Amino acid sequence: MKFNLIGVPVNYGCDRNGAQFGPEAFRQHNIADLIKKEGHKVQDSGDVKIPKVSPEEKYSGHENLKYLEPIAEYNHNLAEVVYNTLNDDTFPFVLGGDHSLGMGSIAGVSRHFEEIAVIWIDAHGDINTEDTSPSGNIHGMPLAASMNVGNPRLTNIYYKGQKVKPENVYIIGARDIDSGEFEIAEKTKLNLYTMETVREKGLANIIEQVIEKINNSSVDGVHLSFDIDALDKSIVPGTGTAVSEGFSLNEGKEIFTKFISRLDITSMDFVELNPVIDDEDGKTVKNCFELLRHIFKTFKLREERDTEYAI
Ligand SMILES: NC(=[NH2+])NCCC[C@H](N)C(=O)O
Ligand SMILES: [Mn+2]
Ligand SMILES: [Mn+2]
């Protein structure tokens, strides 16, 4: 396969120092080499342009949407890169940065395909709006905006209106959900698999259900957005909003094995690494890379299987 690395060095969405250094950390630890070693082609289109604004301007767009303007602007730029990458028959692999980038990724992906599904693996729902958000941090809102819920400046990124239908949205592993988010989840009828549900029904069963639903729907593109805080706090100390009771590394691998081998995943985000607050041994970076290696290995196995069948 051919992958395009797209860096998004942003922390406006989490309003905490460090997340903007994510792309740099992935490159320093040679993510491109890793992808090559697993047998793929890889290009790096560099970093998306992020407008510079001072912290004093953070509330200038809206009182509960911090950095609204620069976030809307950079997401437009990101959407364009993602869209062009797909038109080039290349897989966009978006490196965060905070999760506010989900809006741009999804906007670009949804313009390329007829209808998309979004799998959102995260400790959080990220379906807040300016009316429900306890923090005003836009990284807690991208999935709502993509469904056309929230502020017009966010719901109209790249092009006007809805990017993904709620019925095609699958949140998995959420365990820190705000009360307003539960209401939005219920109202929109999106597919919410909280960690409580995952533990009750079993991870394998939940994955199976999601795969079946997606394969029985009429989508032609599947975007997978991975927030590393889906993993347990103990294995990802270097993320801004770490939450306990998360997935183990092996469960993370199981999720990717199954989704990549049985669904046609067409694009991905890998977000919320904050190297500044990682522990001394770089535990978070190390665990991220273990997972990344597994991801690209699985893409290769899938590709080999597909070409075998084609012969
Ligand atoms: N992408 C993330 N890590 N999001 C965390 C969101 C936390 C909280 N729900 C908020 O809206 O402020
Ligand atoms: Mn999260
Ligand atoms: Mn998130």
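What comes next concerns the included structure. (Residues numbered from 1 in each chain as written. Chains lettered and ligands numbered in written order. Predicted model: local features only at pLDDT ≥ 70, side-chain atom pairs only at ≥ 80, totals over all residues. Heavy atoms only, no water.)

## Digging into the coordination of the manganese ion (ligand 2)
At step 1: The manganese ion (ligand 2) binds to the protein through Asp122 (OD), His124 (ND1), Asp227 (OD), Asp229 (OD) and Asp229 (OD); the donor distances cover 2.1 to 2.5 Å.
At step 2: Site description for the manganese ion (ligand 2): donor spacing in sequence, D-x1-H-x102-D-x1-D.
At step 3: A distance of 3.2 Å spans the gap from the manganese ion (ligand 2) to the manganese ion (ligand 3), which Asp122 bridges by coordinating each metal. Of this pair, Asp122 sits in the loop between strand E4 (116–121) and helix H5 (142–146) while Asp227 sits in strand E7 (residues 221–227), placing them 105 residues apart in sequence. Residue Asp122 shares its accessibility class with Asp227, and that shared class is buried. (Donors = N, O, S within 2.8 Å, 3.2 Å for Na, K, Ca; no water. Helix = DSSP H or I, 4+ residues; strand = E, 2+ residues; numbered from the N terminus. Buried < 20%, exposed > 50% of the residue type's maximum accessible area, 1.4 Å probe, protein only.)

## Here we look at the pairing of strand E3 (residues 91–96)
At step 1: With six of six residues buried, E3 lies mostly within the body of the structure.
At step 2: Across the two faces of E3 the burial is the same, with Phe91, Phe93 and Leu95 and Pro92, Val94 and Gly96 all buried.
At step 3: Bridge analysis of strand E1 (residues 2–8) against E3 gives six bridges, and the strand direction is parallel. Counterpart to Gly7 in the pairing with E3 is Leu95.
At step 4: As judged from the three bridges shared by E3 and strand E8 (residues 265–271), these two strands associate in the parallel manner. (Pairing = 2+ DSSP bridges.)

## Details of the coordination of the manganese ion (ligand 3)
At step 1: His99 (ND1), Asp122 (OD), Asp126 (OD) and Asp227 (OD) make up the full set of protein donors to the manganese ion (ligand 3), lying at 2.0 to 2.2 Å.
At step 2: One chain supplies every donor for the manganese ion (ligand 3), spaced along it as H-x22-D-x3-D-x100-D.
At step 3: What makes Asp122 buried here is its relative accessible area of 0%.

## Quick word on the sheet that holds E3
At step 1: With respect to topology, eight strands assemble into an open sheet ordered E2-E1-E3-E8-E7-E4-E5-E6, the strand pairing being parallel. With one partner strand each, in any of the chains shown, strand E2 (41–47) and strand E6 (191–194) form the two edges of the open sheet. Neighbour-to-neighbour, the strand axes of this sheet turn through a mean angle of 15 degrees, independent of strand direction.
At step 2: In the sheet, strand E5 (residues 169–174) pairs with E6 via four bridges, with the strands oriented parallel. Bridge pairing links Ile171 to Leu192 in E6.
At step 3: Its contacts with the sheet place helix H9 (residues 203–215) against E4, E5, E6 and E7, and it is angled at close to 170 degrees to E6.
At step 4: Along the sheet face, helix H11 (residues 283–310) touches E1, E3, E7 and E8 and points at about 175 degrees away from the line of E8. (Axes fitted to C-alpha atoms, helices over the stretch in contact; angles between N-to-C directions. Contact = heavy atoms within 4.5 Å.)

## Quick look at helix H10 (residues 249–262)
Count 3.6 residues to each turn of an α-helix, and residues three or four apart come out pointing the same way.
At step 1: With 14 residues, H10 extends 20 Å from end C-alpha to end C-alpha; this agrees with the ideal 20 Å at 1.5 Å per step.
At step 2: Taken as a whole, H10 has its buried residues at Leu249, Glu251, Gly252, Lys253, Ile255, Phe256, Phe259 and Ile260. (Expected span 1.5 Å × (residues − 1).)

What is shown is where atoms sit, not what they do.
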